[in-house]
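Summary of the model geometry
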Amino acid sequence: MHEPKLQGKSQVIPRQLLWDAWLKVKENGGAAGPDGQTIEQYEAKLKDNLYRLWNRMSSGSYFPGPVRAVEIPKEKGGIRVLGIPNVADRVAQTAAVMALEPEVEPVFHDDSYGYRPGRSPLDAVKACRERCLKRDWVVDLDIKSFFDTVPFELILRAVARHTDQKWILLYVERWLKAPVKKADGTLAERTRGTPQGGPVSPLIANLFMHYAFDTWMSRNFPAIWFERFSDDVVAHCVSERQARFVREAIGRRLADVGLEVHPGKTRLVYCKDSRRRGSYETVSFTFCGYLFRPRKAYSKTRKTAFTSFLPAVAPGKLTAMSRRVTSWQLQRRTSLTLNDLAAEMNPVLRGWLTYFTAFYQTAVIPLCKRVDRHLMRWARRKYKRLKHSQRRARTWLNGVRKRAPGLFAHWRLRYTTW
């Protein structure tokens, strides 16, 4: 792309960078920010909008708008507040991420998995599973209101260590300090934290935790294995005594950097299995949507059963997925064919199953059966011959599944419909 002369520009920002950032924002989609402008509306005048943004960012006159507060209920109660920036601000933030990420990615810790290219939550779960089988104790660490309490100053110091591009530091500070627009239209000033929802938030949060936790652990506890996904941390210890010592030390460290360990959610967990004869009040924890606890397992020949400490889909996740299926109200959509339903449902079902069948896949069978029950209700409303007989509806669905086993994504698992 042709670059215009940069006379009078205080920041050197390639126009191509803004274009590449726009393509990512468009691909990711998302809701409108506080200004109400959608991605489609922004794209309608794309050339003018991108040039205006580039011109303002290059001259130092770019100031982000407020972020729109969206309240998301947590699975275990409470509210998580997301901050949705305007589309233009998402483009600007994505450009900063694309410029900064190549500088910080090589220095990140091997056991940091959150929001990093080439790494996934399943990688973290896999590492955690293997280490739980080797060490008896886990520190299940919960940081209280992490994204609301991270100190601005320490974030900026961390960013400054990895870039000499002044525009990145300048605008990261402005994004951090952008006010939050609440549902009633009022603006709330912010002095700490980095709101979830903006493209730059995961990267700078990771960078902060790299220095606040990862490198500190490497210096002070090099023999302690851990997995970190953003602010979710699991550390593996060889004894209860060591686990208590590590938990207290981590608590003091996080307090030093302006964070607080959640006293009610940070726990010591005993990885109970057939080989571990001891007992402890807590023998389970949740990590990346998987519940780790003692579970029935089999030898390779499947002749011997034993207890192993394994991950499977967390009950809260299973409940949330079931509620999502119920919200589709399939029984009211009798104007559609089975193929129509499959086309709409399969992308969601496939995503769930790809993630939650990676470990102990039989745990998702209750969800599969629930989907089938909703399909039977749909059939009983659509076909008169099935209206008054659940048994006939079940037989009909089993027949469809036998003729077209690949029609619905969840049918790839082996189980009976009822």
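Our subject in this report is the structure included herewith. Not measured: the values here are computed from a predicted model. (Residues numbered from 1 in each chain as written. Predicted model: local features only at pLDDT ≥ 70, side-chain atom pairs only at ≥ 80, totals over all residues. Heavy atoms only, no water.)

**Examining helix 10 (residues 240-256)**
Quick reminder of the rule: Counting from the N terminus, the helices are DSSP H or I runs at least four residues long and the strands are E runs at least two residues long. Residue count minus one, scaled by 1.5 Å, sets the expected span of a helix. With a 1.4 Å probe rolled over the protein chains alone, any residue whose accessible area is under 20% of its type maximum counts as buried; one over 50% counts as exposed, and the rest are partly exposed. The directions considered for the arc run from the helix axis to the C-beta atoms. What makes two residues a contact is simply this: any of their non-hydrogen atoms within 4.5 Å.
With 17 residues, helix 10 ought to run about 24 Å at 1.5 Å a step, and its terminal C-alpha atoms sit 25 Å apart, in line with that. Among the residues of helix 10, those classed as buried are Ala 243, Val 246, Ala 249, Ile 250, Arg 253 and Leu 254. Viewed end-on, helix 10 has its buried residues packed into an arc of 135°, placing them on one side of the element. When the buried face of helix 10 is taken as reference, the exposed residues oriented beyond 90 degrees from it are Arg 241, Phe 245 and Asp 256. Contact partners of the buried residues in helix 10: strand 3 (137-142), helix 9 (201-220), strand 7 (232-237) and strand 8 (267-270).

**Brief notes about the sheet that holds strand 6 (residues 225-229)**
For clarity, the threshold we go by: Pairing between strands requires that DSSP locate at least two bridges from one strand to the other. Only the stretch in contact is used when fitting a helix axis, every axis being a line fitted to C-alpha atoms; angles between N-to-C directions are given from 0 to 180 degrees.
Taken together, the 4 strands give an open sheet; going across it, the order is 6-7-3-8, and neighbouring strands pair in antiparallel fashion. Single-partner strands in this sheet number two, and they are strand 6 and strand 8. Averaged over all pairs of adjacent strands, the angle between their axes in this sheet comes to 20°, without regard to strand direction. The sheet contacts of helix 9 involve strand 3, strand 6 and strand 7, and relative to strand 6 the element is tilted by about 175°.

**With respect to the sheet that holds strand 11 (residues 305-313)**
In spatial order, the strands read 9-10-11; together these 3 strands make up an open sheet with antiparallel pairing. Both outer strands of the open sheet, strand 9 (285-287) and strand 11, are each paired with one neighbouring strand and no more. Recorded for the sheet is a direction-independent mean angle of 50° between the axes of neighbouring strands. Of the pairings in the sheet, the one linking strand 10 (residues 290-298) to strand 11 comprises 9 bridges and is antiparallel in character.

**Points about helix 1 (residues 15-28)**
Along an α-helix, residues three or four apart share an orientation, since each turn contains 3.6 residues. Spanning 14 residues, helix 1 covers 20 Å between terminal C-alpha atoms, matching the ideal 20 Å at 1.5 Å per step. For helix 1, the full list of buried residues reads Leu 17, Leu 18, Ala 21, Trp 22 and Val 25. Projected down its long axis, helix 1 shows its buried positions confined to an angular sector of 135°, all on one face. Considering only its buried residues, helix 1 is in contact with helix 2 (39-44), helix 3 (46-59), helix 4 (87-104) and helix 8 (166-177). After helix 1 finishes, the residue Gly 29 shows a positive phi value of roughly 70°.

**Focus on the packing of aromatic side chains**
The description of an aromatic ring pair rests on the distance of the ring centres and on the angle between the ring planes. What counts here: Put simply, two rings from Phe, Tyr or Trp (the six-membered ring, in Trp's case) pair if the centres are within 6.5 Å, and we call them stacked under 30 degrees between planes, edge-to-face over 60, tilted for the rest.
Following the criterion strictly, the structure yields 25 aromatic pairs and no others. Measuring from ring centre to ring centre gives 6.3 Å for Tyr 171 and Trp 175, while their planes differ by 45°; the resulting arrangement is tilted. Taken together, the residues Tyr 171 and Trp 175, both in helix 8 and 4 residues apart, mark about one turn of the helix. Here the two residues Tyr 171 and Trp 175 agree in accessibility, since each one is buried. Between Trp 378 and Trp 396 the ring centres are 6.3 Å apart and the planes differ by 35°, which places this aromatic pair in the tilted class. Of this pair, Trp 378 sits in helix 13 (residues 365-382) while Trp 396 sits in helix 14 (residues 390-403), placing them 18 residues apart in sequence.

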